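Architecture and fold: a report
Below are the chains, spelled out letter by letter.
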Amino acid sequence: MRTLLLLLTVGSAYRTGRTKIQRREPWVVVERFCFEGRSTLDYSVKTTGGTRMYIYGSKDQKSFREKVDKKAYQAMSLQKRFERADSEVVLAPGTTSSGSLKFAVESGQTFVHIVIANFNASCNAICVDQFSCNAEFSKRCYGPVEVEYDMTFRDGASEHGRDERGANVLYGVFAALYALFVGLSCAVEGLLVREDKRHATCRILMRSVWVAALSIWFRMLHHAIYANDGKGAPKLVNAAMAFSLVADCGVLLALALCAEGWRIVRRKIAVRGRIRVALLITTYSIAAACIWGWYGTRRRK
């Protein structure tokens, strides 16, 4: 797509933070952004294994994957991949390369894929025999790509870049809704206390709503900061994840206790029932924590 033009832009930003990449492959898609209208990419790349950075613009992610990224090396040489790029930045191994790229499109959203490659001229030839080609390609071409970079993408549409467009508005709406939920839960709990009908599971459920509200409010604050400086508050996101996990476990515990009939048809749950509840909550909390940890690791990569 050759409609990318050099223009000055202002707006909100997405910042990757200091990120390290170590891959065997000579071709690595390191970042992806999305914008409308105008945008600016500021980059700082320190490389020990990587000689080129290529910028690809496309109307959707699928076209980039099918036309460039997912092509087998036997079907498309690195040179042909490079020729399809919209911009090229030469990286000096062992040093830090910094600069700024400015883009503009006439209409619609555009996905920008950033690729760092360890260029090797001997990798351009396409082998005829696939078996021998695989062995030869591994010998001649496998990277590695070893870089450390920090990129800031400013979206001229005054919204979030990448895949978080409109997230600040969305979480603002959620925060307002949860403020209403917290108010209603307090009113209901106060009424139950006055009538001496507050059940223990009700208390657990109400506290879960409060903790879930804290999670949403923390995310709202993060995205509000993120929309202004492109950095946000990662500690607030981590706290929001933890509060969300606690709230989910609280709701699940309340439902499990109700299912066991605790304080409804029986004063005390049998030992087997208590073991079932404990296994359910423990399994869920461990699985959710592992998923959140994996998600956080993927984001940092």
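Bear in mind that the values here come from a model prediction, so they are computed numbers and not experimental data.

Before going further, it helps to spend a moment on the overall build of the chain. Counting its regular elements, the chain contains 7 helices and 7 strands. When the elements of the chain are put in sequence order from the N terminus, they spell out β-β-β-β-α-α-β-β-α-β-α-α-α-α. In the chain, which comprises 301 residues, the proportion classed as buried is 41%. Pairs at least 24 residues apart make up 84% of the contacts formed inside the chain by residues separated by at least 6 positions. A total of about 16,600 Å² of accessible surface is found on the chain, and carbon and sulfur atoms cover 58% of it.

This part is about the packing of aromatic side chains. One pass over the structure, following the stated rule, counts 6 aromatic pairs. Ring centres of Tyr171 and Phe174 lie 6.0 Å apart, and the angle between their planes is 85 degrees; on these two criteria the pair is classed as edge-to-face. Taken together, the positions of Tyr171 and Phe174, both in helix α4 (residues 167-194) and 3 residues apart, correspond to about one turn of that helix. The structure contains a cluster of three or more aromatic residues connected by ring pairs, namely Trp27, Tyr54, Tyr56 and Phe82. Arg81 extends its terminal NZ or CZ atom over the ring of Trp27, reaching a point 5.0 Å from the ring centre.

This part covers the environment of Gly99. Note on placement: Gly99 falls in strand β6 (residues 96-117). Considering only alpha carbons, one finds Gly99 and Val89, 10 residues apart in sequence, at a separation of 9.2 Å. In this view, Gly99 contacts Leu41, Asp42 and Tyr43; residues no more than four positions away in its chain are not counted.

Next up on the list: the pattern of salt bridges. Here the structure, examined in full by the defined rule, presents 3 salt bridges. In this structure, the salt-bridge partner of Glu260 is Arg276, at a minimum N-O distance of 3.1 Å. Of this pair, Glu260 sits in the loop between α6 (234-259) and α7 (271-300) while Arg276 sits in helix α7, and the two are 16 residues apart along the sequence. Owing to a relative accessible area of 45%, Arg276 belongs among the partly exposed residues under this scheme.

Under the definition given, this model contains 0 disulfides. With no disulfide of its own, Cys202 has Cys258 as its nearest cysteine by sulfur position, at a separation of 9.4 Å. The exposure class of Cys258 is partly exposed, given its relative accessible area of 36%.

Let us look at the nonpolar core. With 23 residues, the main nonpolar core has Leu41, Val45, Met53, Ile114 and Met151 as its most contacted residues. Those elements giving two or more residues to this core turn out to be β3 (27-49), β4 (52-58), β6 and β7 (145-155). Per-element accounting of this core gives the leading share, 7 residues, to β3. Not counting chain neighbours up to four residues away, the residues in contact with Met53 comprise Tyr43, Val45, Ser87, Glu88, Val89, Leu91, Ile114, Val115, Ile116 and Met151. Counting 10 residues, the second-largest nonpolar core is a separate cluster that includes Trp27, Leu78, Ala85 and Val115.

Nonpolar side chains collect at one region of the surface, where Val169, Leu170, Val173, Phe174, Leu177, Leu180, Phe181 and Leu184 lie side by side and expose about 700 Å² of accessible area between them. Mapping Val173 onto the fold places it in helix α4.

Further remarks concern the side chain of Ser97. Structurally, the position occupied by Ser97 is in strand β6. For Ser97, a relative accessible area of 13% corresponds to the buried category. Setting aside residues no more than four positions away along its own chain, Ser97 makes contact with Tyr43, Ser44, Val45, Val90, Leu91 and Ala92.

Conventions adopted
- Residues numbered from 1 in each chain as written.
- Predicted model: local features only at pLDDT ≥ 70, side-chain atom pairs only at ≥ 80, totals over all residues.
- Heavy atoms only, no water.
- Helix = DSSP H or I, 4+ residues; strand = E, 2+ residues; numbered from the N terminus.
- Buried < 20%, exposed > 50% of the residue type's maximum accessible area, 1.4 Å probe, protein only.
- Contact = heavy atoms within 4.5 Å.
- Areas by Shrake-Rupley, 256 points an atom, 1.4 Å probe, with all protein chains shown as cover.
- Phe/Tyr/Trp six-rings, centres within 6.5 Å; stacked < 30°, edge-to-face > 60°.
- Lys NZ or Arg CZ within 6 Å of the ring centre and 35° of its normal.
- Salt bridge = Lys/Arg side-chain N within 4 Å of Asp/Glu carboxyl O.
- Disulfide = S-S within 2.5 Å.
- Core = buried A, V, L, I, M, F, W, Y, C linked by side-chain atoms within 4.5 Å.
- Patch = residues over 30% accessible without salt bridge, like charges linked within 9 Å, V, L, I, M, F, W, Y side chains within 5 Å.

Honestly, it's all geometry; don't read function into it.
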